[in-house]
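# Secondary and tertiary structure notes
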There are 2 protein chains.
Amino acid sequence: MAASETTKLTKVSEQLCFGGKQIRFKHPSSVLHCEMQFSVFLPPQADNARVPALYWLSGLTCTDENFSSKAGAQRIAAELGIALIIPDTSPRGDGVPDDDNGAYDFGLGAGFYVNATREPFARHYQMYDYIVSELPAQVEAELPLSDKRSISGHSMGGHGALVIGLRNSQRYRSISAFSPIGNPVNCPWGIKAFTGYLGEDKSQWQQYDASVLLAEAQKPLPILVDQGSADSFYPEQLRTDSLIAAAKQSGAPAQIRLQQGYDHSYYFIASFIEQHLKFHAGYLLG
Amino acid sequence: MAASETTKLTKVSEQLCFGGKQIRFKHPSSVLHCEMQFSVFLPPQADNARVPALYWLSGLTCTDENFSSKAGAQRIAAELGIALIIPDTSPRGDGVPDDDNGAYDFGLGAGFYVNATREPFARHYQMYDYIVSELPAQVEAELPLSDKRSISGHSMGGHGALVIGLRNSQRYRSISAFSPIGNPVNCPWGIKAFTGYLGEDKSQWQQYDASVLLAEAQKPLPILVDQGSADSFYPEQLRTDSLIAAAKQSGAPAQIRLQQGYDHSYYFIASFIEQHLKFHAGYLLG
């Protein structure tokens with residue numbers, strides 16, 4: 001196919017960072033029916049070769065900018081030769097429905113990485129398909145990326161990373177998460193979001209619950225999870241206990257660590273992102 | 001003196017970061033006649049000993065939060081055992097006058113680290129004295145800090161770091177700056193600010209101009225400056241050329257480096273903050 005038929009990414013900005021390129025793109029998403037922005041960090045190694053990519057899924061209220069500016073991940077990604085792909089957390093734009101009351105935990109900024117089936121959300125809120133299929137196809141067609149992928153995220157994005165990685169073990173090499181919503185079918189955030197996007201039939205919720213998926217996993221990918229003990233959302237919203245029990249049940253190769261004294265913020269993520277990137281590098285490189 | 005007479009710092013928040021403490025304080029400033037907030041990073045070493053401190057002065061529009069969340073400095077500060085003291089960029093609060101038109105480059109968020117003499121700014125805009133005297137006295141009285149200090153900053157804060165370090169060589173060990181406003185008496189930002197805070201008499205401006213001070217310096221402190229070549233404010237506002245000429249004139253021990261392709265953002269700062277911290281460590285430690 002000619003480049004003119006496939007080129008859909010428009011560069012919004014590009015900044016040098018640790019010798020690599022921090023780039024913001026916009027593109028029309030046919031899955032989400034809106035224009036989306038996302039950020040990419042291309043390490044210096046991408047000047048001469050296709051590099052593997054870590055997808056980072058952000059949490060409630062975030063855009064692609066939070067992780068880009070606060071996690072300090074570019075330093076290690078530049079050293080290791082791993083690209084970072086940092087999508088937005090929901091569809092955006094004038095035609096995209098939001099929560100009726102503008103809540104922070106539903107609607108814009110809170111797509112929960114599911115394919116919504118309930119109206120009026122079903123047309124736009126298809127974040128699962130966007131992350132699993134459309135975005136990787138687009139960036140791998142237009143950027144110097146190999147087809148080696150790992151996935152990570154924080155809070156709602158940690159939930160997304162676990163669910164997407166567990167359901168698509170052939171597409172990813174490894175999974176990690178910070179403070180993930182580990183059992184959304186049993187916590188207030190998850191119940192609200194799944195009811196709104198998927199409806200009352202709880203059997204439809206199971207496919208998006210990391211603890212359910214992990215308990216039943218046959219050959220799950222390597223998993224690393226970090227949870228701060230001083231996180232104000234732990235344990236009620238995050239249900240790390242369910243995730244630990246699920247890993248035991250399936251015997252999955254999951255390290256789930258409680259980090260004493262850390263909270264839910266990017267100061268926690270910044271403190272451990274190097275360990276997460278090196279964990280993924282073990283599966284993405286060589 | 002009893003603690004009750006000297007304790008003025010109130011903790012607003014505290015978060016664990018790289019094993020150290022990222023803390024936000026508020027305190028009444030008798031120099032600025034308002035309540036001020038600032039942030040501190042205490043490395044793990046401060047649990048058992050008094051540690052030296054790097055003061056970081058931020059640029060136009062910033063508060064203490066920009067450097068705290070975006071520079072990634074805590075990682076290296078924790079490794080080296082250096083505290084970070086991160087003040088706000090101007091007086092704040094209801095009684096503090098702002099620019100009549102709310103400009104970003106004068107008034108709130110734009111104190112320029114001078115002692116204003118012109119009304120209505122003179123009562124509150126005394127950032128030079130706040131940074132040189134009041135803030136260090138307060139933090140050294142209440143936090144586990146030694147009296148070893150270095151100073152750094154970005155843009156307007158790079159100007160502040162150079163001016164304060166050059167005029168107070170007995171109080172600091174080393175100076176560094178990212179993208180400093182290197183010759184404010186000759187650039188639009190500086191002319192506007194100095195006219196507004198100091199009045200039309202340009203002889204009063206010289207004491208706040210890094211190029212003037214550096215050219216005349218007898219025994220200046222060690223200086224490291226990084227300037228990005230893709231910075232949209234370079235060269236017109238930043239006048240790095242003047243700073244280089246001044247260093248040559250006085251024979252000062254100043255490294256002034258042009259970093260190819262980097263811009264004015266925190267992605268630039270993050271890329272080189274490790275080198276700056278290690279530069280200061282050479283003078284603060286041992």
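These remarks concern the structure in this document. Note that the structure is predicted; figures quoted are calculated from it, not measured. (Residues numbered from 1 in each chain as written. Chains lettered and ligands numbered in written order. Predicted model: local features only at pLDDT ≥ 70, side-chain atom pairs only at ≥ 80, totals over all residues. Heavy atoms only, no water.)

Residue and element names in this part refer to chain B. Where burial is concerned, most of strand E4 (residues 51-57) is hidden: seven out of the seven residues are buried. Bridge count between E4 and strand E6 (residues 145-153): six bridges; the pairing is parallel. In the sheet register, Ala53 faces E6, and the bridge partner there is Arg149. Bridge analysis of E4 against strand E5 (residues 83-87) gives three bridges, and the strand direction is parallel. Pairing of Ala53 across the sheet is with Ala83, part of E5. (Buried < 20%, exposed > 50% of the residue type's maximum accessible area, 1.4 Å probe, protein only. Helix = DSSP H or I, 4+ residues; strand = E, 2+ residues; numbered from the N terminus. Pairing = 2+ DSSP bridges.)

The next subject is the pairing of strand E2 (residues 20-29) of chain A. Residue and element names in this part refer to chain A. E2 sits mainly inside the fold: seven of its 10 residues count as buried. Of the strand pairs in this sheet, strand E1 (residues 10-17) and E2 are connected by seven bridges, and their pairing is antiparallel. Counted as the bridge partner of Gln15 is Gln22 from E2. Taking the residues that link successive antiparallel strands as the turn, the E1-E2 hairpin has two residues, and the phi of Phe18 there is positive, at about 50°. The sheet contact formed by E2 and strand E3 (residues 34-42) spans nine bridges and is antiparallel. Residue pairing in the sheet places Pro28 in a bridge with Glu35 of E3. The hairpin turn running from E2 into E3, its antiparallel successor, is four residues long, and His33 in that turn takes a positive phi close to 55°.

Mapped onto the fold, A:Tyr55 is located in strand E4 (residues 51-57). If we ignore the near neighbours within four places in the chain, the residues touching A:Tyr55 are A:Ile85, A:Leu135, A:Pro136, A:Val139, A:Glu140, A:Arg149, A:Ser150, A:Ile151 and A:Ser152. (Contact = heavy atoms within 4.5 Å.)

Our focus in this paragraph is the packing of helix H3 (residues 73-80) of chain B against helix H9 (residues 266-284) of chain B. Residue and element names in this part refer to chain B. Where H3 meets H9, the closest approach of the two axes is 9 Å, and the angle between their N-to-C directions is 30°. For the element pair H3 / H9, the angle class is roughly parallel. The interaxial crossing formed by H3 with H9 has right-handed handedness. Facing Ala73, Arg75, Ile76, Ala77, Glu79 and Leu80 of H3, the residues of H9 in contact are Ile273, Glu274, Leu277, Lys278 and Ala281. Of the residues belonging to the contact of H3 with H9, the class tally is seven nonpolar, no polar and four charged. (Axes fitted to C-alpha atoms, helices over the stretch in contact; angles between N-to-C directions. Parallel < 35°, antiparallel > 145°, perpendicular 65-115°, else oblique. Left-handed = near helix turned anticlockwise from the far one by under 90°. Nonpolar A, V, L, I, M, F, W, Y, C, P; charged D, E, K, R; others polar.)

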